[in-house]
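The residues making up each chain are set out below.
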Amino acid sequence: MEAKELIARRIARELPDGALVNLGIGLPTLVSQYLPPGLDISFQTENGLIGVEPLPEEGAEDEYLSDAGGRFIGAVPGAASFDSCFSFGLIRGGHLDVTVLGGLQVDERGQLANWMVPGRMIPGMGGAMDLATGARRVIVAMTHAARGEAKIVRRCTLPLTSLRRVDLVVTDMAVIQPTAHGLELRERAPGVSVEAIVAATEARLIVGAQVPEMALAG
Amino acid sequence: MEAKELIARRIARELPDGALVNLGIGLPTLVSQYLPPGLDISFQTENGLIGVEPLPEEGAEDEYLSDAGGRFIGAVPGAASFDSCFSFGLIRGGHLDVTVLGGLQVDERGQLANWMVPGRMIPGMGGAMDLATGARRVIVAMTHAARGEAKIVRRCTLPLTSLRRVDLVVTDMAVIQPTAHGLELRERAPGVSVEAIVAATEARLIVGAQVPEMALAG
Amino acid sequence: MHKMIALEAAAALIPDGASLLIGGFMGIGTPHRLVGELVRQGRRNLTIIANDTARPGLGIGRLIDAGAVARLVTSHIGTNPLTQQQVLAGAIALELCPQGTLAERIRAAGSGLGGVLTPTGLGTTVAQGKRTLEIDGTAWLLDLPLSADFALVAAHRADYRCNLDYAMTARNFNPVMAMAGRTVIAEAAEIVPVGVIPPDAVITPGALVDHLVRRDAGHGS
Amino acid sequence: MHKMIALEAAAALIPDGASLLIGGFMGIGTPHRLVGELVRQGRRNLTIIANDTARPGLGIGRLIDAGAVARLVTSHIGTNPLTQQQVLAGAIALELCPQGTLAERIRAAGSGLGGVLTPTGLGTTVAQGKRTLEIDGTAWLLDLPLSADFALVAAHRADYRCNLDYAMTARNFNPVMAMAGRTVIAEAAEIVPVGVIPPDAVITPGALVDHLVRRDAGHGS
């Protein structure tokens with residue numbers, strides 16, 4: 001299984017029935033493809049809609065309806081549209097149950113850096129800082145390492161997205177839960193050993209006696 | 001002519017074509033009855049509508065449509081409804097061209113007291129403080145004196161509605177313009193002498209060589 | 001979903017001593033059924049945050065009539081002599097707040113903002129005990145967010161997903177309160193199928209609503 | 001009323017060096033005709049406040065292509081490599097602002113509020129040079145209001161009194177910008193008789209709109 005699919009399928013299990021969820025651009029967007037059946041989950045996009053669904057078919061594009069990446073989407077029956085102020089009122093005001101964000105680094109305090117690499121390009125934070133600060137639950141979806149460099153580090157060296165401690169980190173190797181005591185290793189990807197995870201991680205991990213394999217949705 | 005009608009008919013001449021106007025409860029509401037023909041003026045009510053008009057006839061009440069005093073009103077074609085936050089965004093944000101407010105006292109600084117008489121009852125300020133602070137032009141409509149007591153005074157003794165200097169005061173005796181230099185007497189009511197106005201006014205008035213009679217609308 | 005709730009059960013969620021944001025303006029857009037049921041169930045010692053208390057026998061005035069209110073945050077009580085009596089008698093602790101500031105404080109609570117910086121009330125009795133902030137040479141009054149245990153809101157229509165719309169001036173404080181109650185209970189004049197309220201016409205998305213009061217068997221209001 | 005204005009005349013109101021709030025999100029809900037006409041007229045040295053600069057050839061990206069922008073306040077430029085080049089080359093002075101804060105700063109300007117107290121950006125590079133306020137033990141970042149000489153907004157429909165509505169996610173920053181521009185110029189996909197947009201469906205009341213761009217003779221967009 002590809003890394004991205006693995007991560008998306010694991011995170012899909014984290015979305016509770018009835019939740020209002022915002023999925024970041026890129027990898028996080030994949031999560032909606034693997035939802036367990038029977039769940040009633042609403043997806044928000046910060047450019048102004050609750051009730052996002054994928055474009056049902058090619059040619060059905062509405063020139064007034066896109067996601068935050070500018071891609072044409074569809075809307076479920078019962079969708080609601082609103083302006084940017086209201087949308088971020090939902091996000092900042094704690095009305096969003098879960099956000100899934102991509103990550104560049106997460107550190108031992110559970111802090112996330114995901115919007116900028118100084119000296120390289122400056123994409124801007126878009127809605128990421130509001131999402132990381134305001135959502136009730138922040139889940140980070142990212143590969144465990146990039147080009148041989150650990151992304152789960154002692155202290156973020158990249159600019160932070162928020163001071164807030166994220167709630168869960170899901171990578172292609174592990175599920176890690178940041179806590180007040182540090183990063184707790186919760187699950188391993190299928191076929192990946194605890195030793196391999198520790199070796200690929202710069203941060204100290206708190207490892208319990210049992211580290212079960214991930215269960216995947218879809 | 002009754003005092004209230006005189007005041008309303010004088011103020012009606014102050015509303016420029018195209019203006020967005022909020023009329024306070026009571027005397028100020030009368031102003032809309034005397035508008036010069038051909039003007040395009042929109043009336044806002046702070047409980048959430050632009051496009052107020054009087055109820056066109058008895059029996060046409062809409063249980064969802066009232067003015068800020070709770071009386072049933074009508075709405076003109078092209079009216080727009082909105083929530084209380086938006087409504088006061090219009091008011092505080094300087095989008096309201098004129099507000100006409102009742103008054104208990106106006107003083108030499110041009111400051112208005114119109115919401116409370118300590119020791120008697122406490123009605124509350126409702127929207128008056130926002131209107132007096134935020135409208136581009138504040139016109140006070142009130143009788144010149146009440147029960148023999150001057151209402152245009154050196155310093156307000158009643159609690160202020162706003163620190164902001166009002167733009168015009170229209171009474172049944174005079175039109176007075178508060179300026180940085182003090183209260184300038186601009187016009188006299190028909191048949192009322194400058195001496196009578198000065199005698200009925202506690203505040204110092206700046207009186208020019210010519211004080212013309214009010215012209216009235218309607 | 002399963003958000004439909006009987007009127008009795010909805011009111012029963014609210015304990016004595018609870019704080020309530022209640023929509024409406026002089027009884028227009030007030031959740032009349034919920035207010036009436038709270039009175040019927042004899043709820044006491046409530047904190048009410050609302051624009052006004054209407055008149056005796058009308059809207060929030062019915063909670064005043066019943067002596068159910070211990071604390072009141074509002075912009076105006078001049079239309080209800082009973083409220084004034086209870087305030088003077090010390091039965092109700094009153095906080096008066098300019099109407100625009102009241103709306104904005106509720107919005108701040110519902111939108112995750114730390115306060116409201118307004119020019120309204122500066123230098124008046126309303127400013128007493130509050131912080132003033134100078135920003136680039138201009139003074140602003142700092143008013144704090146207002147949330148409550150419950151928001152009781154009245155919609156015009158609700159669809160099966162609890163998306164709400166409002167009619168004319170009955171909208172007033174309802175949408176902003178629906179963002180600021182820890183539990184949001186809505187009643188609607190009509191309950192309609194999904195799609196009857198198109199996405200652009202939804203004012204309060206159903207995600208904000210925890211409970212929608214059921215229609216009576218007789219479909220009475 | 002007399003608010004209708006030809007496209008050329010609307011763009012001609014805007015001088016070189018003006019500051020502009022421009023609605024739209026990745027080109028969705030952007031006032032494309034006004035943007036295109038500003039490019040055609042060769043406007044220079046503009047300050048643009050907008051969520052993003054879309055892509056080269058699209059939406060606000062066309063102003064970037066034309067080298068018309070000297071200063072930019074935005075939440076995201078990652079989708080437009082030309083914007084990034086001009087920023088790195090020093091041709092554009094860039095201020096990055098979190099999207100929710102950007103929306104709220106514009107709203108504050110349009111609503112007469114002195115600033116925004118947000119938790120977003122606290123302790124990050126975004127907080128540099130800004131005041132932090134402690135309220136009841138919690139820290140908040142103070143962000144300042146953002147207004148501009150002009151707001152250029154794109155509506156779905158406008159009626160003869162310039163009441164505006166919007167469609168789906170094309171609403172985005174348009175309504176809040178219509179409150180914060182000293183002059184507000186709107187374009188609409190359709191112009192309809194008064195009453196076609198009912199009072200409850202109006203999002204931007206016509207009182208906020210100074211000019212509405214006329215339909216072309218051919219009724220092209």
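Just so it is clear, the structure is predicted and the values come from calculations on it, not from any experiment. (Residues numbered from 1 in each chain as written. Chains lettered and ligands numbered in written order. Predicted model: local features only at pLDDT ≥ 70, side-chain atom pairs only at ≥ 80, totals over all residues. Heavy atoms only, no water.)

A word on the overall build of chain A
Per the secondary structure count, chain A includes four helices and 15 strands. On C-alpha atoms alone, chain A measures out to a radius of gyration of 17 Å, which is about the 17 Å that the 2.2 N^0.38 rule sets for 218 residues. With 218 residues in all, chain A has 59% of them scored as buried. Counting contacts in chain A only where the partners sit at least 6 residues apart, residues at least 24 apart contribute 63% of the total. As presented, chain A carries roughly 8600 Å² of accessible surface, and 50% of it is formed by carbon and sulfur atoms. Here chain A holds 19 positive side-chain charges and 26 negative ones, and the gap between their average locations is 11 Å. (Helix = DSSP H or I, 4+ residues; strand = E, 2+ residues; numbered from the N terminus. Rg over C-alpha atoms; globule rule 2.2 N^0.38 Å. Buried < 20%, exposed > 50% of the residue type's maximum accessible area, 1.4 Å probe, protein only. Contact = heavy atoms within 4.5 Å. Areas by Shrake-Rupley, 256 points an atom, 1.4 Å probe, with all protein chains shown as cover. Lys, Arg positive; Asp, Glu negative; His and termini not counted. Charge placed at Lys NZ, Arg CZ, Asp CG, Glu CD.)

Digging into the interface of chain A and chain D
Listed as interface residues are 38 residues of chain A and, on the opposing side, 38 residues of chain D. When chain A packs against chain D, close to 3000 Å² is buried across both sides, 66% of that on carbon and sulfur atoms. If you sort the residues of chain A by the area they bury against chain D, Tyr64, Cys85 and Arg92 of chain A come out on top, with a joint share of 21%. Taken together, the links from chain A to chain D amount to one salt bridge. Measuring nitrogen to oxygen at the nearest pair gives 3.9 Å for the salt bridge that ties arginine 92 of chain A to glutamate 104 of chain D. The interface formed by chain A and chain D holds 13 residue pairs in polar contact (both at pLDDT 80 or more) in total. For the side of chain A that touches chain D, the secondary structure elements donating two or more residues are strand S4 (74–81), helix H2 (84–92) and helix H3 (128–134) of chain A. The element contributing the most residues to the side of chain A that touches chain D is H2 of chain A, with four residues. (Buried area = accessible area lost by both parts, 1.4 Å probe. Salt bridge = Lys/Arg side-chain N within 4 Å of Asp/Glu carboxyl O. Polar contact = N/O pair within 3.5 Å; in protein donor to acceptor, adjacent residues only side chain to side chain.)

Thoughts on the confidence of the model for chain C
Residues with a pLDDT of 70 or more make up 97% of chain C, whose mean pLDDT is 96. Scored by ipTM, the complex comes to 0.97, with pTM at 0.98. (pLDDT = per-residue confidence, 0-100.)

Side note on the pairing of strand S1 (residues 20–23) of chain B
Residues and elements named next belong to chain B. Burial along S1 is two-sided: Leu20 and Asn22 facing one way and Val21 and Leu23 facing the other are all buried. For S1 and strand S2 (residues 42–45), the ladder comprises three bridges, and the chain directions are parallel. Its bridge partner lying in S2, valine 21 is registered against phenylalanine 43. Examined bridge by bridge, S1 and strand S5 (residues 98–102) share three bridges and lie parallel to one another. Bridging from a neighbouring strand, asparagine 22 pairs with threonine 99 of S5. (Pairing = 2+ DSSP bridges.)

Here we look at the sheet that holds strand S11 (residues 152–153) of chain B
Either a parallel or an antiparallel arrangement is found when strands of a sheet pair, and the pairing is made through backbone hydrogen bonds. Residue and element names in this part refer to chain B. Taking strand neighbours across the sheet as the criterion, the three strands line up as S7-S6-S11 in an open arrangement whose pairing is mixed. Two strands close off the open sheet at either side, each with one partner strand: strand S7 (112–113) and S11. Sheet analysis places strand S6 (residues 105–107) next to S7, joined by two bridges and oriented antiparallel. Counted as the bridge partner of valine 106 is leucine 112 from S7.

Re the interface of chain D and chain C
At the interface, 24 residues of chain D touch 24 residues of chain C. For the pairing of chain D and chain C, the buried interface totals around 1900 Å² over both sides, and the portion due to carbon and sulfur atoms is 54%. Per-residue buried area on chain D facing chain C is highest for Gly114, Leu117 and Asp200 of chain D; these three make up 26% of the total on that side. Summed over the shared surface of chain D and chain C, the result is two salt bridges. In this structure, the salt-bridge partner of arginine 107 of chain D is glutamate 104 of chain C, at a minimum N-O distance of 2.5 Å. Taken together, the connections running from chain D to chain C amount to 10 residue pairs in polar contact (both at pLDDT 80 or more).

Let's talk about the relation of the copies chain D and chain C
At an RMSD of 0.0 Å, chain D and chain C line up after a rotation of 180 degrees and a shift of 0.0 Å along the axis. A rotation of that kind, with that shift, is consistent with a two-fold axis. Residue alanine 201 of chain D of chain D places its C-alpha closer to the rotation axis than any other residue of that unit, at 3.2 Å. By residue overlap, the copies meet face to face through one surface: 100% of the interface positions of chain D are interface positions in chain C. (Least-squares fit on C-alpha atoms with pLDDT ≥ 70 in both.)

Thoughts on the pattern of salt bridges
Under the defined criterion, the tally for this structure stands at 42 salt bridges over all chains. Arginine 71 of chain A is the salt-bridge partner of aspartate 67 of chain A, the closest N and O atoms lying 2.8 Å from each other. Judged by its relative accessible area of 11%, aspartate 67 of chain A is buried. What emerges from the salt-bridge pattern is a single network uniting Arg92 of chain A, Arg92 of chain B, Glu104 and Arg107 of chain C together with Glu104 and Arg107 of chain D.

Focus: helix H2 (residues 32–40) of chain C
Residue and element names in this part refer to chain C. Every buried residue of H2 is listed here: Arg33, Leu34, Val35, Gly36, Glu37 and Leu38. Elements in contact with the buried residues of H2: helix H1 (7–12), strand S2 (19–22), helix H3 (61–65), strand S9 (148–159), strand S11 (181–192) and strand S12 (211–213). The positive-phi residue at the C-terminal boundary of H2 is glycine 42, with phi of around 75 degrees.

Details of helix H4 (residues 81–88) of chain C
All names here are of chain C. Turning to H4, its buried residues are Thr83, Gln84, Gln86 and Val87. All buried residues of H4 lie within an arc of 165 degrees about the axis, which places them on one face of the element. Among the exposed residues of H4, those oriented more than 90 degrees off its buried face are Gln85 and Leu88. Elements in contact with the buried residues of H4: H3, strand S4 (69–74) and strand S5 (93–96). You can read the cap of H4 off the contacts: a side-chain oxygen lies 3.0 Å from the backbone nitrogen of leucine 82, and it is on asparagine 80. One or two residues past the end of H4 sits glycine 90, with phi positive at roughly 80 degrees. (Arc of directions from axis to C-beta.)

Notes on the packing of helix H2 (residues 84–92) of chain B against helix H5 (residues 99–111) of chain C
In the contact formed by H2 of chain B and H5 of chain C, the axes pass within 9 Å of each other and the chain directions differ by 125 degrees. Viewed along their axes, H2 of chain B and H5 of chain C adopt a mutual orientation that is oblique. Crossing angle aside, the handedness with which H2 of chain B passes H5 of chain C is left-handed. Along the contact surface, H2 of chain B presents Ser84, Cys85, Phe88 and Arg92 of chain B, while H5 of chain C presents Gln99, Gly100, Thr101, Ala103, Glu104 and Arg107 of chain C. (Axes fitted to C-alpha atoms, helices over the stretch in contact; angles between N-to-C directions. Parallel < 35°, antiparallel > 145°, perpendicular 65-115°, else oblique. Left-handed = near helix turned anticlockwise from the far one by under 90°.)

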